[in-house]
Amino acid sequence: MTLAQPVRLAEGQVAASGAVLARAFANDPFFTYVLSDPVERERLMPPLMEAWTRYGLLFGEVYVTAGPVEASAIWLAPGARTEERREQAGLTRSSVRSA
């Protein structure tokens, strides 16, 4: 079995990374509780995860599989999350809800 090699996320891969993370967390107990309507969850998860990917790109590190994005990991240092940074990344309640 050949393992995919992780590479740093490129700016043009933010949407693909968000889509991969949305699928990965779609049935996570937290998200099924918070977004209990499956149709609404399917609509909101991609922009939410895309915003988190952008946050990671701006204020941390994001790694994806080389070639097509099949996996994604966001790394944030302790204390990296602030309200100001959330707004810069587009990670606000209103931006995700209006998606």
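Scroll up to find the structure this text is about.
All values derive from a computational prediction rather than experimental measurement.

> Pulling in residues and values, what's your account of the nonpolar core?
Within the largest apolar cluster, 12 residues are counted, these being Leu-21, Ala-22, Phe-31, Leu-35, Leu-44, Met-45, Leu-48, Met-49, Ala-51, Tyr-55, Ala-89 and Leu-91. Listing elements by their share of this core, those giving two or more residues are α1 (14-25) and α3 (38-59). Broken down by element, this core gets its largest block of residues, 6 residues, from α3. Core analysis: the second largest hydrophobic core is formed by 6 residues, Leu-9, Val-14, Val-62 and Val-64 among them.

> How would you sum up the layout of surface pockets? Please name residues and give values.
Gaps left between atoms are located by rolling a probe of water-molecule size over the structure's atoms. Roughly 190 Å³ of internal volume is contained in the second largest pocket. In terms of lining, the second largest pocket is formed by Leu-21, Phe-25, Phe-31, Met-49, Trp-52 and Ile-74. Elements with a contribution of two residues or more to the lining of the second largest pocket: α1 and α3. Here the lining of the second largest pocket is composed, by residue class, of 6 nonpolar, no polar and no charged.

> Can you lay out α1 for me, pointing to particular residues and giving the numbers?
For α1, with 12 residues, the first-to-last C-alpha span of 16 Å sits near the 16 Å given by 1.5 Å per residue. Regarding α1, the residues found buried are Val-14, Ser-17, Gly-18, Val-20, Leu-21 and Ala-22. Buried positions along α1 lie against α3, β2 (61-65) and β3 (72-75).

Parameters and conventions
Residues numbered from 1 in each chain as written. Predicted model: local features only at pLDDT ≥ 70, side-chain atom pairs only at ≥ 80, totals over all residues. Heavy atoms only, no water. Core = buried A, V, L, I, M, F, W, Y, C linked by side-chain atoms within 4.5 Å. Buried < 20%, exposed > 50% of the residue type's maximum accessible area, 1.4 Å probe, protein only. Helix = DSSP H or I, 4+ residues; strand = E, 2+ residues; numbered from the N terminus. 1 Å grid on protein atoms, 1.4 Å probe; cavity = no way out; pocket = protein on both sides within 12 Å on 5 of 7 lines; lining within 4 Å. Points joined across faces, edges and corners; volume = space filled by probe spheres on them. Nonpolar A, V, L, I, M, F, W, Y, C, P; charged D, E, K, R; others polar. Expected span 1.5 Å × (residues − 1). Contact = heavy atoms within 4.5 Å.

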